[in-house]
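Inside the fold
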Amino acid sequence: MRTSPAQGAAPCRRHDCLHILAACRAVWPAGGAVTVSTARPLDRPAGGVSFDGVRAMPRIICSINATLSGTCHHGDVVADAEHHRYAAALARSAAALLLGRATYELFAAFWPRALHRRDLPAEVLELARVLDAKPRIVVSGREPATAWPGTTRVAGLEALRATLAGIGGSVVLFGSPGLAASLAAAGMLDEVHILLQPLFATRGPRLPPLWAGQAFRTVSAERFGSGVVLLRCRPAG
């Protein structure tokens, strides 16, 4: 889905990578309403492998957009061809996709229909095919308003743990800041991809302080042609 910066979101004048990285502190605010655990998640083998009789969970990777203001509204995104290629490659690498209810509703309203449109760029159509082909899990206490065949609903993290126990490899969570916070608090989040947008904005939820009080490291930083910086972060240790 091609999205231009929304009205009220001012494009950053400098697309210099170092300038954007210097603003990353805004993405992890000092305070926040989300309470997260400071305990380190248990080291575990690759998804689907068991040890000591316990079925291991797949690795959970969260991919989320954030502006320089620390907000993550779905409309404040430079969604160009490079963005869609990144998302398709990440989704393609996953055994399943994971979504919170609000993000699921956004996806379900657009991507299944995108498969049959002829006016969309090739990168968008490829992402639509990948998203539609993957098993999807939505975490929601109630049935979503929009049906999307191939989607399983689970109510809460315990039900999610049971569902994930039979999945190997990795599971990708797109967007869904509330669910990302809950997963981090439960020690279930292994990696975060933050696509730092060269925009200042005020609308939408804020990116929660994932792994607050816990050391983490930036594995890599990649600059897109649009000025977006992709930060890959993992808990330290």
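First, a word on scope: everything that follows refers to the structure included in this document.

About the criteria used
- Residues numbered from 1 in each chain as written.
- Predicted model: local features only at pLDDT ≥ 70, side-chain atom pairs only at ≥ 80, totals over all residues.
- Heavy atoms only, no water.
- Buried < 20%, exposed > 50% of the residue type's maximum accessible area, 1.4 Å probe, protein only.
- Helix = DSSP H or I, 4+ residues; strand = E, 2+ residues; numbered from the N terminus.
- Pairing = 2+ DSSP bridges.
- Axes fitted to C-alpha atoms, helices over the stretch in contact; angles between N-to-C directions.
- Parallel < 35°, antiparallel > 145°, perpendicular 65-115°, else oblique.
- Left-handed = near helix turned anticlockwise from the far one by under 90°.
- Contact = heavy atoms within 4.5 Å.
- Nonpolar A, V, L, I, M, F, W, Y, C, P; charged D, E, K, R; others polar.
- Salt bridge = Lys/Arg side-chain N within 4 Å of Asp/Glu carboxyl O.
- Polar contact = N/O pair within 3.5 Å; in protein donor to acceptor, adjacent residues only side chain to side chain.
- Phe/Tyr/Trp six-rings, centres within 6.5 Å; stacked < 30°, edge-to-face > 60°.
- Lys NZ or Arg CZ within 6 Å of the ring centre and 35° of its normal.

What about the pairing of strand 4 (residues 59–67)?
A large share of strand 4 lies buried, amounting to seven of its nine residues. In this structure, strand 4 lies alongside strand 8 (residues 170–174), joined through five bridges in parallel fashion. Within strand 8, the position partnered with Cys62 by the bridge is Leu173. As defined by bridge partners, strand 4 adjoins strand 9 (residues 191–197) across seven bridges and the pair is classed as parallel. Paired with Ile64 across the strands is Ile194, a residue of strand 9.

Some remarks on the packing of helix 2 (residues 81–93) against helix 4 (residues 122–133)
Their axes nearest at 9 Å, the elements helix 2 and helix 4 cross at an angle of 20°. Accordingly, the angle class assigned to the pair helix 2 and helix 4 is roughly parallel. Between helix 2 and helix 4 lies a crossing of left-handed hand. Within the contact between the two elements, helix 2 uses Ala81, His84, Arg85, Ala87, Ala88, Ala91 and Arg92 and helix 4 uses Glu123, Val124, Glu126, Leu127, Val130 and Leu131. Split by residue class, the contact of helix 2 with helix 4 holds eight nonpolar, one polar and four charged.

Quick notes on the pattern of salt bridges
Think of it this way: side chains of opposite charge can pair up when their charged atoms draw near. Taken as a whole and assessed by the stated rule, the structure comprises 10 salt bridges. The partner of Arg153 in a salt bridge is Glu143, with the nearest N and O atoms 2.9 Å apart. In this pair, Arg153 sits in strand 7 (residues 151–154) while Glu143 sits in the loop between strand 6 (136–139) and strand 7, placing the two residues 10 residues apart along the sequence. For Arg153, a relative accessible area of 31% translates into the label partly exposed. Overlapping salt bridges bring together Arg59, Glu191 and Arg234 as one network.

Some thoughts on the environment of Asp190
Relative to the helices and strands, Asp190 resides in the loop between helix 6 (177–185) and strand 9. For Asp190, a relative accessible area of 14% corresponds to the buried category. Along the backbone, Asp190 and Ser170 are 20 residues apart, and their C-alpha atoms lie at a distance of 9.7 Å. Polar contacts involving the side chain of Asp190 include one to the main-chain amide nitrogen of Ile60, which spans 2.9 Å.

A word on the side chain of Ser140
Tracing the backbone through its elements, the reader meets Ser140 in the loop between strand 6 and strand 7. According to the relative accessible area criterion, Ser140 is buried, its value standing at 4%. Engagement of the side chain of Ser140 in a polar contact is seen with the backbone oxygen of Arg142, the distance being 2.6 Å.

Overview of the sheet that holds strand 8
Strand order in the open sheet formed by eight strands is 7-6-5-8-4-9-12-11, and the pairing between neighbours is mixed. Every interior strand has two partners, whereas the edge strands, strand 7 and strand 11 (216–223), have only one. Sheet twist, expressed as the mean angle between neighbouring strand axes with direction ignored, is 25°. Each of strand 4, strand 5 (96–100), strand 8, strand 9 and strand 12 (229–235) touches helix 2; the most contacted strand, strand 8, lies at about 145° to it.

Focus on the packing of aromatic side chains
Enumeration according to the criterion identifies four aromatic pairs in this entry. Their ring planes at 35° and their centres at 6.3 Å tell us that Tyr104 and Trp148 sit as a pair that is tilted. You can see Tyr104 sitting in helix 3 (residues 101–114) and its partner Trp148 sitting in the loop between strand 6 and strand 7, a full 44 residues away along the chain. Side by side, Tyr104 and Trp148 carry an identical accessibility label, which is buried. Seen from their ring centres, Phe110 and Trp111 are 4.8 Å apart, and the 85° between their planes marks the pair as edge-to-face. One Lys or Arg, Arg136, reaches over the ring of Trp148 and ends 3.8 Å from the middle of that ring.

Read these as geometric descriptors, not functional statements.
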